[in-house]
Amino acid sequence: MSDAIKLLAVFIFMVLMLRKKYRIGTVLISASGFLALLYLMSPQEIVRSVGSTVTNPITVKLGLSLTLIRVFEQILRENNIMTEMMEASKSLFKNRKMVIVSMPLLIGTLPSLGGAYFSAPMVDESTKGLRMSQEEKGFINFWFRHPWEYVLPLYPGILLASAISGTELRELILANLPYAFVMLVAGLYLSMREIKGKVKSVEVSGRGLLSFLPIVAIILLVMVFKAELHLALIILVIGLFVFYRYPVSRILSALKYGFAFDVVLLVLGVMLLKELMEGTGAVKNLGDFFISTGIPVMPLLFILPFISGFLTGVTVGSVGSTFPLILHLLHGSPVGAISFAFASAFLGVLLSPVHVCFVLTREYFNADIWGIYKKMLPACALVFLVAVIEYLILR
């Protein structure tokens with residue numbers, strides 16, 4: 001059985017498990033076992049691969065970062081910081097369009113699974129009395145919570161892309177900034193065209209403005225001071241514990257929430273699959289096959305991540321399953337190519353009919369799927385166009 005057929009079988013196996021609603025960590029661990037079985041790896045080889053995965057510094061840093069992100073999110077929720085941010089945004093944004101999109105934008109700063117269901121009632125409330133279809137409301141709720149996934153280091157997809165490729169997180173965020181900006185512009189242009197005017201201004205309090213500090217602090221530490229994310233999160237989480245005077249019992253409760261079994265499975269699954277794909281020679285052999293066929297690299301940088309993202313609806317799954325192969329095709333990790341591949345993966349995720357946020361949004365607004373796609377397709381096309389231009393420039 002050729003490497004292409006074996007990897008295709010593993011990929012189909014992953015998609016089927018995801019559609020059965022298994023958690024992504026369980027899917028990746030199972031896919032790793034299936035891959036080892038297909039390549040007839042000995043028990044000794046499997047143990048060696050598992051050992052390399054567990055002791056890999058990237059595994060440790062990634063696991064620590066994802067755990068601390070959950071702790072950070074818990075602190076924000078417990079102290080009503082998100083609520084204060086939302087109230088402050090209503091005061092800050094006088095433009096009616098910005099008031100409507102501010103809710104999914106703000107809630108989108110936290111990578112909560114199914115967070116779209118939380119912002120949907122707010123979008124519904126802010127559009128009451130306006131002539132707007134359910135499909136347009138669905139598009140607004142879904143689209144405007146997702147620009148952050150291209151640039152915010154709290155999201156595991158961009159963390160994983162940086163970790164697997166060895167690209168500095170700060171560089172990847174800077175390269176992805178145009179995609180996030182175009183998502184915002186495209187969303188505003190394609191929706192709410194008949195909505196104009198301003199809302200009644202309400203004075204914003206100093207406490208309301210201060211509620212934005214934790215998110216701003218993360219961005220500054222990573223982007224300006226070039227701190228690794230896990231170190232930035234340690235500093236910030238400790239600072240928040242002290243500021244809110246958490247007793248030991250609450251600290252332990254927050255840490256317990258952060259150290260979730262799902263997070264451990266996710267990190268181990270991603271890194272083990274990467275280790276096995278490289279250890280079995282699957283990545284090298286398949287990469288050599290693509291190179292020998294003379295297929296240009298650029299189409300592969302789009303097709304492989306996009307299809308994976310579209311079929312799974314999960315950014316982490318798409319990055320974890322395709323980036324090892326992409327790196328072999330590139331013979332390195334130039335930031336322009338990595339950024340383009342990540343943009344392609346996330347475009348597939350955005351358009352995926354099994355994307356959790358998309359499913360929940362469509363369900364809440366009882367919207368026609370094609371009605372939402374009619375706005376999403378041109379918006380995604382604009383992001384893709386910018387990604388192509390950036391790739392050609394950075395190449």
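Please refer to the structure placed before this passage.
Attention now goes to helix α17 (residues 282–293). The terminal C-alpha atoms of α17, which comprises 12 residues, lie 17 Å apart, in line with the 16 Å expected from a rise of 1.5 Å per residue. If you check which residues of α17 are buried, you get Ala282, Val283, Leu286, Gly287 and Phe290. For α17, the arc enclosing every buried residue in end-on projection is 115°, short of the 170-degree limit, so these residues lie on one face. Buried positions along α17 lie against α1 (3–19), α16 (261–279), α18 (297–312) and α19 (315–330). Just past α17, the residue Gly294 takes up positive phi, approximately 80°.

Right, let's get into the pattern of salt bridges. Applying the stated criterion across every chain yields a total of 5 salt bridges. Note that Glu228 and Lys61 form a salt bridge whose closest N and O atoms lie 3.1 Å from each other. Of this pair, Glu228 sits in the loop between α13 (213–223) and α14 (229–243) while Lys61 sits in helix α4 (residues 57–78), and the two are 167 residues apart along the sequence. A salt bridge links Asp124 to Lys137; the shortest N-O distance between them is 3.3 Å. Of this pair, Asp124 sits in helix α7 (residues 116–126) while Lys137 sits in helix α8 (residues 134–143); the two residues are 13 residues apart in sequence, bridging distant segments of the chain. On the basis of relative accessible area, Lys137 is assigned to the buried category, the value being 9%.

The next thing to look at is the environment of Phe139. Relative to the helices and strands, Phe139 is located in helix α8. Judged by relative accessible area, which is 0%, Phe139 ranks as buried. Separated by 128 residues in the primary sequence, Phe139 and Val267 place their C-alpha atoms 31 Å from one another. Filtering out sequence-adjacent residues up to four positions away, Phe139 remains in contact with Phe144, Gly187, Ser191, Ile372, Lys375 and Met376.

Core analysis: the largest hydrophobic core is formed by 125 residues, its most contacted members being Phe72, Trp143, Tyr150, Leu154, Phe323 and Met376. Apart from the residues lying within four places of it in its own chain, the contact partners of Tyr150 are Ile158, Asn176, Tyr179, Ala180, Met183, Phe342, Ala343, Phe346, Leu347 and Val383.

Residues Leu64, Leu231, Ile234, Ile238 and Val242 make up a contiguous nonpolar surface patch of roughly 410 Å² in combined accessible area. Here the element with the most residues in the nonpolar patch is α14; it accounts for 4 residues. As for its position among the elements, Leu231 is in helix α14. Overall, the relative accessible area of 42% leaves Leu231 in the partly exposed class.

Right, let's talk about the state of the cysteines for a bit. Taken as a whole and judged by the stated rule, the model has 0 disulfides. Lacking any disulfide linkage, Cys357 is separated from the closest cysteine sulfur, that of Cys380, by 14 Å.

Close contact between α19 and helix α20 (residues 335–351) brings their axes to 10 Å; oriented N to C, the two are set at 150°. Here α19 and α20 pass one another in a crossing that is right-handed. Residues Thr315, Ser318, Val319, Phe323, Ile326, Leu327 and Leu330 of α19 touch α20, and the partners they reach there are Ala337, Ile338, Ala341, Phe342, Ala345, Phe346 and Val349. When grouped by side-chain class, the residues that make up the contact of α19 with α20 number 12 nonpolar, 2 polar and no charged.

The rules behind the values
- Numbering of residues begins from 1 in every chain and follows the order in which that chain's sequence is written.
- Under the rules for a predicted model, residues below a pLDDT of 70 receive no local features and side-chain atom pairs below 80 are neither given nor counted, while totals for whole chains, interfaces and linings still include all residues.
- As a rule here, side-chain values come from all non-hydrogen atoms in the structure, and water together with hydrogens is ignored.
- The numbering of helices and of strands both runs from the N terminus, where a helix is a DSSP run of H or I of at least 4 residues and a strand a run of E of at least 2.
- Multiplying 1.5 Å by the residue count of a helix minus one yields the expected span of that helix.
- For each residue, the accessible area found with a 1.4 Å probe, counting protein chains only, is set against the maximum for its type, and the residue is called buried under 20%, exposed over 50%, and partly exposed in between.
- Think of the arc as the fan of directions from the helix axis to the C-beta atoms.
- Residues are treated as being in contact if the distance between any of their heavy atoms lies within 4.5 Å.
- Should a side-chain nitrogen of Lys or Arg be within 4 Å of a carboxyl oxygen of Asp or Glu, the pair is scored as a salt bridge.
- We call a set of buried residues a nonpolar core when its members are Ala, Val, Leu, Ile, Met, Phe, Trp, Tyr or Cys and they connect through side-chain atoms within 4.5 Å of each other.
- Distance thresholds for patches are 9 Å for like charges and 5 Å for nonpolar side chains (Val, Leu, Ile, Met, Phe, Trp, Tyr), applied to residues having over 30% relative accessible area and no salt bridge.
- Accessible surface is estimated by sampling points in the Shrake-Rupley manner with a 1.4 Å probe; for residues, cover comes only from the protein chains shown.
- By disulfide we mean two sulfur atoms from cysteines, separated by a distance within 2.5 Å.
- Between N-to-C directions, angles span 0 to 180 degrees; the directions come from axes that are lines fitted to C-alpha atoms, helices contributing only their stretch in contact.
- Take the far helix as your reference; a near helix turned counterclockwise from it by less than a right angle gives a left-handed crossing, and one turned clockwise gives a right-handed crossing.
- Three residue categories are used. Nonpolar comprises Ala, Val, Leu, Ile, Met, Phe, Trp, Tyr, Cys and Pro, charged comprises Asp, Glu, Lys and Arg, and polar comprises the others, including Gly.

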